[in-house]
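Listed here are the chains, written in short residue letters.
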Amino acid sequence: ISSTLGVLGVLGVLVSLVYLSVQIKRHTQQMRSQAYLSIADSTRKLLMELREDPELLELLLRGNRDWHSLSAKEQCRYHLWNVDEAQLMETAFVLWQEQGISEAAYLEREGYYVSLLQMPGRTHWWNNYVQHLDDRFEARINDKLKGTGELDYPSFLEKFPMYKRPDDELGEQDADDQAAAAAD
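Not measured: the values here are computed from a predicted model. Every chain's residues receive numbers from 1 upward, in the order its sequence appears when written. Predicted model: local features are reported for residues with pLDDT of at least 70 only, side-chain atom pairs are reported and counted for 80 or more only, and whole-chain, interface and lining totals are derived from all residues. Side-chain numbers come from the whole structure's heavy atoms, not from hydrogens or water.

Student: Break down the overall build of the chain for me, with residues and values.
Tutor: If you tally the helices and strands in the chain, you get eight helices and zero strands. Strands are runs of DSSP state E lasting at least two residues, helices are runs of H or I lasting at least four, and both sets are numbered from the N terminus onward. Along the chain, helices and strands appear, N-terminal first, in the series α-α-α-α-α-α-α-α. Burial statistics for the chain: of 184 residues in total, 33% are counted as buried. Any two residues whose heavy atoms approach within 4.5 Å are treated as being in contact. Taking as baseline every contact in the chain between residues at least 6 positions apart, the subset at least 24 positions apart corresponds to 69%. Under the scheme applied here, a residue whose accessible area is under 20% of the maximum for its type counts as buried, over 50% as exposed, and between as partly exposed, the area being computed with a 1.4 Å probe on protein chains only.

Student: Now, about a nonpolar patch on the surface: what can you tell me, with residues and values included?
Tutor: Together, Ile1, Leu5, Val7, Leu8, Val10, Leu11, Val13, Leu14, Leu17, Tyr19, Leu20 and Ile24 make up a nonpolar patch on the protein surface, roughly 1200 Å² of accessible area in all. One can find Leu20 in helix α1 (residues 2-52). Judged by relative accessible area, which is 46%, Leu20 ranks as partly exposed. Patches draw on residues past 30% relative accessible area with no salt bridge. Two like charges within 9 Å are joined, as are two nonpolar side chains (Val, Leu, Ile, Met, Phe, Trp, Tyr) within 5 Å. The protein chains shown are the only cover counted for residues, whose accessible areas, like all others here, come from Shrake-Rupley with a 1.4 Å probe. Whenever Lys or Arg places a side-chain nitrogen within 4 Å of a carboxyl oxygen from Asp or Glu, that contact is recorded as a salt bridge.

Student: A description of the packing of helix α4 (residues 103-117) against helix α6 (residues 135-146) should follow, citing residues and the corresponding values.
Tutor: At a closest axis distance of 10 Å, the pairing of α4 and α6 adopts a crossing angle of 60 degrees. Judged by the angle between their axes, α4 and α6 are oblique. Handedness of the crossing formed by α4 with α6: right-handed. Counting all contacts with α4, which are made through Tyr106, Leu107, Glu110, Tyr113, Val114 and Leu117, the residues of α6 involved are Phe137, Arg140, Ile141, Lys144 and Leu145. Angles shown run from 0 to 180 degrees and are taken between the N-to-C directions of axes, each axis being a line fitted to C-alpha atoms and, for helices, limited to the stretch in contact. An angle below 35 degrees is treated as roughly parallel, one above 145 as roughly antiparallel, one from 65 to 115 as roughly perpendicular, and anything else as oblique. Here is the rule for handedness: rotate from the far helix to the near one, and if that takes an anticlockwise turn smaller than a right angle the crossing is left-handed, while a clockwise turn gives right-handed.

Student: Residue-level account of unusual backbone geometry, with values.
Tutor: With phi around 60 degrees, Gln99 is a residue other than glycine that occupies positive phi space. In this structure, Gln99 sits in the loop between α3 (72-97) and α4. Judged by relative accessible area, Gln99 falls into the exposed class, the value being 55%. At His132, a residue that is not glycine, the phi angle is positive and equals roughly 60 degrees.

Student: Account for the pattern of salt bridges, with residues named and values stated.
Tutor: All told, the structure shown has seven salt bridges when counted by the stated rule. Asp41 serves as the salt-bridge partner of Lys45, at 3.3 Å between the closest nitrogen and oxygen. With Lys45 and Asp41 both in helix α1 and four residues apart, the pair spans about one turn of that helix. Using a relative accessible area of 49% as the deciding quantity, one classes Lys45 as partly exposed.

Student: So, the packing of α3 against helix α5 (residues 120-129): which residues are in play, and what are the values?
Tutor: Two numbers describe a pair of packed helices, the interaxial angle and the distance between the axes. Interhelical geometry of α3 versus α5 gives an angle of 80 degrees and a closest axis separation of 11 Å. Overall, the two elements α3 and α5 adopt an arrangement that is roughly perpendicular. On α5, the residues touching Tyr78, His79, Trp81, Asn82, Val83, Glu85 and Ala86 of α3 are Gly121, Arg122, Trp125 and Tyr129. Residues of the contact of α3 with α5, tallied by class, amount to six nonpolar, three polar and two charged. Residues were grouped as follows: Ala, Val, Leu, Ile, Met, Phe, Trp, Tyr, Cys and Pro as nonpolar; Asp, Glu, Lys and Arg as charged; and all remaining residues, including Gly, as polar.

Student: Outline the confidence of the model for the chain, supporting the account with residue identities and numerical values.
Tutor: Chain-level statistics for the chain give a pLDDT mean of 84 and a share of 86% at 70 or above. Between the elements of the chain, mean pLDDT differs from a low of 46, seen in helix α8 (residues 172-183), to a high of 95, seen in α3. pLDDT expresses, on a scale from 0 to 100, how confident the predictor is about each individual residue. Below a pLDDT of 50 lies the segment residues 170-184, which in the model reaches 13 contacts outside its immediate sequence neighbourhood of four places, other chains included.

Student: Provide a residue-level description of α6, including the pertinent values.
Tutor: With 12 residues, α6 ought to run about 16 Å at 1.5 Å a step, and its terminal C-alpha atoms sit 16 Å apart, in line with that. By the burial criterion, the buried members of α6 are Phe137, Arg140, Ile141, Lys144 and Leu145. Buried residues of α6, seen end-on, are gathered within an arc of 135 degrees and therefore sit on one face of the element. The N-capping residue of α6, defined by a side-chain oxygen 2.8 Å from the backbone nitrogen of Arg136, is Asp134. The positive-phi residue at the C-terminal boundary of α6 is Gly147, with phi of around 80 degrees. Working rule for helices: expected span equals 1.5 Å times residues minus one. Directions are taken from the helix axis to each C-beta atom, and the arc is the one they span. Definition of a polar contact: a pair of N or O atoms within 3.5 Å, with one able to donate and the other able to accept a hydrogen when the atoms are protein atoms, and with sequence-neighbouring residues admitted only if both atoms are side-chain atoms.

Right, dumping it as structure tokens:
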């Protein structure tokens, strides 16, 4: 009888461990889903702001092309937008590092962000005004911009030609010049 009780006790412990393992896995999946939904919701809010404020969209397009073309007030607004977007990307990076979101979900966002940062105005902002970000995130993005990272991204206007303007002077030579400047 005591050996039967011992076996039943061991089986009870094993069943409890399996149950706990399943619950932990479900909880982890639920936390990842919540993290992903949070990032998606924040992205949606930023994009909604652009859809609802054509002046802001125009400001960002001008600022991306040339930081110095903006007035001091516009530079402040452009800076604040970029801080919001950088913090969103930093959050995605930290969640990816902590296995809160998948690598694919992060890398897709990173590719978009790096393509934006290749634009002259964004590059100027990143090189001169970015601060208070996770050191690992900042180092990774800097590596990508210098071309030392393992992934290669097209420029924003190559990836999204609908944002080109007839008077755009961002040609292949400008992209080459910017890549050389980032390497310095």
